Every structure is written in C-alpha cells, then in structure tokens.
Amino acid sequence: VTAGVSGIYDDDDDVAFWAGGKLEQAILTVMRFRNDPDYRPTDEEWANMANFVATHGGDVFLRGYIYALGGYFRGDVISANGYKIVISPEDEYSVPSIRMYDYNEEELFSISLQYGLGGMIPSISMFDPSSSDRLYFRPDSMVAEQKGSDGYIYQTQIMGGRIIMVKGSEIVWDQNMLPK
C-alpha cells in the first residue's frame, strides 16, 4: 500500500493522509521535519520517505511542485537552498516584506514598507555583509552608506534634487554650499 488514510489520532503529528510511500515512510517524513523544521533531505533520503503527508494537526509535507491559481499564506514563506528568501506578511516592524539572506544568515536584500509622512511607502535595501555597506531606495530618496576606517558611518543622500554627505550625524557637505 503506497497511499492511504489513517484515523489513528494520539497527537497532531499523527499521519492523516499519505501518498507516494508506505505508512511507515509517512511517519518517518513527519518525524524528520518535526524534529528539524530546516531539514533538507537529499534525493536518497526522499527515496525512503513518503512524497505527500498531511497530519491530523494540519501540517503538510510535500515533495514536488505546487500548481495553483492563487492562495493565501498567513505566516512566512521560506525558500531554503543555501540562500534563503523569506516572504513575510508581517515582519518585526508589522509591515509586509521580502528578504534574502546568504549562507551565513546575513541579510543581503529587502523590499518592505516604511512609515512615511503620508502613510506607508516602499523601500528597497541592499546590504554587503563583508563590508557593512548599504544602499537604500525610497520614492523620495536614495542613500549609500559606508563605514569608514575611522569608525564613522558615511552617507551620501540624494533627496528631492538635493545631495548631501553625512559623517555620523554631521552634514559635511551640502550642494547648497556651492556658489551660485
């Protein structure tokens, strides 16, 4: 038997439906992922696990593609292939975001919303974890940020036709300083 329904319920991790493997393989599939949510089975490991399992608690484990016309996710959607892409309906600032991380869990890129004077505005940020350099884009500005050898954060800001350079919190150059 390589597919079935189970009415045995002791806890939410018990297999309710399975396909593409024996019941024992379905149980193994649930155990592997429940013990380590970041578990990434090799092709050989998948060969000894069920391809589809749904538990009584509502968790679904699937090897294969999902084809859908639409859908809704209430929590994070995480793609893990060494690099990680996280789609969050609500991040730590209570706004939706898409973030990309490298192998060391260092953030490389994000698209999110920020609170602006007129409400929520989009923001795109890029990060270089090896140097702490950052680049931010918003509809009203662009900021390039670098940490200097003196420990200060240096920024070049372009805002509404104005360019300024900042060292720490001090404006060190402003295009308005130029003679007209």
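Keep in mind the model is a prediction, meaning the values are calculated, not measured.

Moving on, we get to the overall build of the protein chain. When helices and strands are tallied, the protein chain shows two helices and 14 strands. Relative to the globule expectation of 16 Å for 180 residues, the C-alpha radius of gyration of the protein chain, 24 Å, shows a markedly less compact shape. Structurally, the protein chain occupies a C-alpha span of about 85 × 35 × 25 Å along its principal axes. Within the protein chain, buried positions represent 24% of all 180 residues. Once local pairs closer than 6 in sequence are excluded, the contacts in the protein chain between residues at least 24 apart make up 17%. When the accessible surface of the protein chain is summed, it comes to about 12800 Å², and 55% of that surface belongs to carbon and sulfur atoms. A gap of 6 Å separates the mean positions of the 14 positive and 27 negative side-chain charges of the protein chain.

For any pair of aromatic rings, geometry is given as the distance between the ring centres together with the angle between the planes. Using the criterion set out here, one finds six aromatic pairs in the structure. Look at Phe33 and Phe61: their rings are 5.4 Å apart centre to centre, the planes differ by 25°, and that puts the pair in the stacked class. Taken together, the residues span a long stretch of sequence, with Phe33 in helix H1 (residues 23-35) and Phe61 in strand E4 (residues 60-62) at a distance of 28 residues. Between the aromatic rings of Phe127 and Tyr136, the centroid separation amounts to 6.5 Å while the plane-to-plane angle is 85°, which identifies the pairing as edge-to-face. The exposure class assigned to Phe127 is buried, which follows from its relative accessible area of 16%. One aromatic cluster in this structure is built from Phe33, Tyr39, Trp46 and Phe61. Across the ring face of Tyr101, the terminal group of Lys84 is positioned such that the distance to the ring centre comes to 5.6 Å. Over the face of the ring belonging to Tyr152 we find Lys167, whose NZ or CZ atom lies 4.5 Å from the ring centre.

Now for the pairing of strand E9 (residues 119-128). Put simply, side chains in a regular strand alternate between the two faces of the sheet. Taken together, the eight bridges between strand E8 (residues 107-116) and E9 define a ladder with antiparallel strand orientation. By the bridge assignment, Ser112 is partnered in E9 with Ser123. The antiparallel pairing of E8 with E9 creates a hairpin that spans two residues between the two strands. In this structure, E9 lies alongside strand E10 (residues 133-138), joined through five bridges in antiparallel fashion. Across the sheet, residue Asp128 finds its bridge partner in E10, namely Asp133. Connecting the antiparallel pair E9 and E10 is a turn made up of four residues, with Ser132 showing a positive phi of about 65°.

This prediction gives the protein chain a mean pLDDT of 88; 96% of its residues lie at or above 70. The least confident element of the protein chain is strand E5 (residues 77-80), whose mean pLDDT is 70; the most confident is strand E2 (residues 15-19), at 97.

On to the side chain of Asp102. Within the fold, Asp102 resides in the loop between strand E7 (97-101) and E8. A distance of 2.9 Å separates the side chain of Asp102 from the backbone nitrogen of Glu106, its partner in a polar contact.

Turning next to the environment of Asp174. Mapped onto the elements of the fold, Asp174 is located in strand E14 (residues 170-174). Asp174 sits in the buried class, given a relative accessible area of 8%. Separated by 10 residues in sequence, Asp174 and Ile164 place their C-alpha atoms 4.4 Å apart. With sequence-adjacent residues up to four places away left out, Asp174 is seen in contact with Arg162, Ile163 and Ile164. Within polar-contact distance, the side chain of Asp174 engages the side chain of Arg162 at 2.3 Å.

Scoring rules and cut-offs
Per chain, residues are indexed from 1 in the order of the written sequence. Local features in this predicted model are restricted to residues whose pLDDT is 70 or higher, and side-chain atom pairs enter the listing and the counts only when it is 80 or higher, whereas totals over whole chains, interfaces and linings include all residues. Processing note: side-chain calculations cover all non-hydrogen atoms of the structure and skip hydrogens and water entirely. Counting from the N terminus, the helices are DSSP H or I runs at least four residues long and the strands are E runs at least two residues long. As a reference, a globule follows 2.2 Å times the number of residues to the power 0.38, and the radius of gyration itself is taken over C-alpha atoms. Only protein chains enter the accessibility calculation, which uses a 1.4 Å probe; a residue is then buried when its area is under 20% of its type maximum, exposed when over 50%, and partly exposed in between. We call two residues contacting when some pair of their heavy atoms lies within 4.5 Å. Only the protein chains shown count as cover for residues, and all accessible areas are computed by the Shrake-Rupley method using a 1.4 Å probe. Only four residue types enter the tally: Lys and Arg on the positive side, Asp and Glu on the negative side; His and the chain ends are excluded. Here the site of a charge means atom NZ of a Lys, CZ of an Arg, CG of an Asp or CD of a Glu. Two rings from Phe, Tyr or Trp (for Trp, the six-membered ring) form a pair when their centres are within 6.5 Å of each other. A pair whose planes differ by under 30 degrees is stacked, one over 60 is edge-to-face, and the rest are tilted. Whether a charge sits over a ring comes down to the Lys NZ or Arg CZ being within 6 Å of the ring centre and within 35 degrees of the ring normal. If DSSP finds at least two bridges between two strands, the strands pair. The pLDDT score gives, residue by residue, the confidence of the prediction method on a 0 to 100 scale. Polar contact criterion, stated in full: a pair of N or O atoms within 3.5 Å, where within protein one must be able to donate a hydrogen and the other to accept it, and residues adjacent in sequence count only if both atoms are side-chain atoms.

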